Every structure is written in C-alpha cells, then in structure tokens.
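Fold and geometry: a report
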Amino acid sequence: MSTALGIDVGGSGIKAALVDLDRGEFIGDRVRVDTPQPATPDAIVAATAELVVPFQHDGPIGVGFPSPIVGGVTTMAANIDPQWVGARADDLFTAALGAPVAVINDADAAGIAEATYGAAKDVQGVVILLTLGTGIGSALIHNGVLVPNTEMGHIQVRGKDAEHRAAASVRENHDLSWHKWADHLSEVINVIDRLFWPDLVLLGGGVSRKADKFVPFLDVRPPVRAATLENAAGIVGAATAAAARR
Ligand code: BGC
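On a predicted model such as this, the values are computed, not experimentally measured, just so you know. (Residues numbered from 1 in each chain as written. Predicted model: local features only at pLDDT ≥ 70, side-chain atom pairs only at ≥ 80, totals over all residues. Heavy atoms only, no water.)

Here we come to the overall build of the chain. Within the chain, the regular secondary structure consists of 8 helices and 14 strands. Relative to the 2.2 N^0.38 estimate, which gives 18 Å for 246 residues, the radius of gyration of the chain is 17 Å and therefore close to what a compact globule would have. Once the C-alpha set of the chain is aligned to its principal axes, its extents read approximately 50 × 40 × 30 Å. When the 246 residues of the chain are sorted by exposure, 57% land in the buried category. Sequence separation of at least 24 residues holds for 61% of the intrachain contacts in the chain that already meet a minimum separation of 6. Entry remark: accessible area of the chain is about 10800 Å², with carbon and sulfur atoms responsible for 51%. (Helix = DSSP H or I, 4+ residues; strand = E, 2+ residues; numbered from the N terminus. Rg over C-alpha atoms; globule rule 2.2 N^0.38 Å. Buried < 20%, exposed > 50% of the residue type's maximum accessible area, 1.4 Å probe, protein only. Contact = heavy atoms within 4.5 Å. Areas by Shrake-Rupley, 256 points an atom, 1.4 Å probe, with all protein chains shown as cover.)

Structure follows, in structure tokens:
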C-alpha cells in the first residue's frame, strides 16, 4: 500500500492524517490542533511539526495552505497572518519537519482529491470546485488536470470579494437562511460561469454535507453537485500531490 502524510492548514485548525493513496482514505485517526493566534509563519510551522511527531512518518508529506503557492512561496494572506505574504513556505515546513514537504493551495489540494478519488473522477471537460468555508477557495480542473492557484474567492461580485458574499462563514455570521445564502452563492457562481463556462461545479467544505438544504435553491446554468470527500479532501489531496512530486 502506498501512503503519504497529508496536512491541512486552516484559519481555525491544523489537521493531519496518514492517507492510503490506493483508496484516498485516512489510515487511522485524523489529528487536529487549534491554529495558533496570531497565525504567523513561526507559530504555524512549529504547531504543525509538533502535531505530526506521533506519526513517525518518513514518506512524502504534503501541506494544503490557504494562499496561492508560487515556487514554494505563499503570495497572499486573506484569512491568515499577513507575515505569510512572501514567506518560503516549502522551505519553512521542510526545515521544521525534517523531511521534504510539498506545499500547495488548500483548494487545489481538495480539487486533486476530488479529481483522483471523488466527484470529479473521470469527468471530462472543465470542472470547478469551490470550497466554502471561512473564505472561498477554488480549483480549476480540465480533463482531470489541475490549473493551480486560481483565486475565484477574490473575484469581484458587485464590488465585493466573492468570498465576502457567499463563504459558509457569511451565512453563519449573518444568520442567513439557507435560501438567502443560496441566492448569494448563485450570484457568485453566475459571475464565475461567465468567465469560465464550466461543465460542472462542485461545492466542497464542511457545508457540502448539507447540500440538500441549499443546492435546490441555486439558480445557475452549470450542473452543481456536492463534492464527495467533504472535509477530508484537503488532507487527501495534499498527500496525493506530495507523493506525485517525489
Ligand atoms: C484564499 C485562498 C484559499 C481560500 C480557502 C482564500 O481567501 O485566498 O488561497 O484557497 O481562501 O481557504
């Protein structure tokens, strides 16, 4: 069985699990620690290194991170400490974990997982995965191949970032009904649709478990389905990408 360690760095938690790459499933339990505040590079890297000690893992390690990753560098910090802008994330994690670490965008990780094991597997054409959480992440996949670092959560929708209109956190923070939130999400998907004309839109993040509460209210052109790996997608995809990079 081939395995890799997957890590998902988020605004509220850092999560890790060993992944069975034949099946795209966790082996054993996922572990989690609260994201340190402030979520500076030093604090996050140290917390991650401590979190993964019990795995005693010496194979590939992948990290999904909420920023575009260009040449191993984190280039934006919408929902994480601004000190990450320009940080050499690949090098920082590699030094702290004592083994080569592949860092990729968190939504790209989820997209890789869905394309390899989930709802985008064997789908031809253009698939867009939107991860709905604190922000909105995106993965653009064409015939199973990812185009990295799309940042559709920052597309302007009536003068605001898409993620400030329709992230899952917007529904929670403003106590919106599912229907009202679905209207915001339709607006976002329709703007994205006019730019990319996807054959399929997948919705991921924890809220995808409740897809039946809001997908029926969406008023959009492309077919929309819930992603299938839910919150495991980021970890599974980071592990998959790390193994592929070896
Ligand atoms: C970040 C993306 C990330 C998304 C989901 C956005 O604010 O800019 O890089 O994928 O949040 O975490």
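From this point on, the discussion continues.
Another aspect to go through is the packing of aromatic side chains. As enumerated under the stated definition, the model contains 5 aromatic pairs in all. When the ring of Phe65 is compared with that of Trp84, the centres are 4.4 Å apart and the planes differ by 50°; the resulting orientation is tilted. Taken together, the residues span a long stretch of sequence, with Phe65 in strand 4 (residues 61-65) and Trp84 in the loop between strand 6 (73-74) and helix 2 (89-97) at a distance of 19 residues. For the pair shown, Phe65 and Trp84 are each scored as buried. Ring geometry for Trp178 versus Trp181: centroids 6.0 Å apart, planes at 70°, classification edge-to-face. A residue pair is termed a helical-turn pair when its members lie 3 or 4 positions apart in one helix, as Trp178 and Trp181 do in helix 6 (residues 178-196) at 3 residues. The exposure class of Trp178 is buried, given its relative accessible area of 19%. In this structure Trp181 comes out as buried when scored by relative accessible area, which is 0%. (Phe/Tyr/Trp six-rings, centres within 6.5 Å; stacked < 30°, edge-to-face > 60°.)

Attention shifts here to the domain arrangement of the chain. Domain assignment breaks the chain into domain 1 (3-108 + 233-245) and domain 2 (119-228). A straight line from the C-alpha centre of domain 1 to that of domain 2 covers 23 Å. In this complex, domain 1 contributes 10 residues to the contact, which on the side of domain 2 involves 14 residues. Together domain 1 and domain 2 conceal approximately 820 Å² of surface at their shared face, both sides included; 49% is due to carbon and sulfur atoms. Its largest share of buried area at the contact with domain 2, domain 1 owes to Asn79, Ala107 and Asp108, together 58% of the area lost on that side. Counting every contact that joins domain 1 to domain 2 gives 0 salt bridges. (Domains from an automatic or database assignment. Buried area = accessible area lost by both parts, 1.4 Å probe. Salt bridge = Lys/Arg side-chain N within 4 Å of Asp/Glu carboxyl O.)

For the rest of this paragraph, the subject is helix 8 (residues 233-245). Owing to its 3.6 residues per turn, the α-helix aligns residues three or four sequence positions apart on the same side. The first and last C-alpha atoms of helix 8 sit 18 Å apart over 13 residues, in line with the 18 Å expected at 1.5 Å per residue. Taken together, the buried positions of helix 8 are Ala233, Gly234, Ile235, Val236, Gly237, Ala238, Ala239, Thr240, Ala241 and Ala242. For helix 8, the elements touching its buried residues are strand 1 (3-9), strand 2 (13-20), strand 3 (25-34), strand 4, strand 7 (101-105) and helix 3 (106-117). (Expected span 1.5 Å × (residues − 1).)

We now examine the side chain of Glu163. Locating Glu163 in the fold gives a position in helix 4 (residues 162-166). One buried charge, Glu163, has no salt-bridge partner; the nearest side chain with opposite charge is Lys160, at 12 Å. Sequence-distant contacts of Glu163, defined by excluding residues within four places in its chain, comprise Ala78, Asn79, Gly135, Ile136, Gly153, His154 and Val170. (Lys, Arg positive; Asp, Glu negative; His and termini not counted.)

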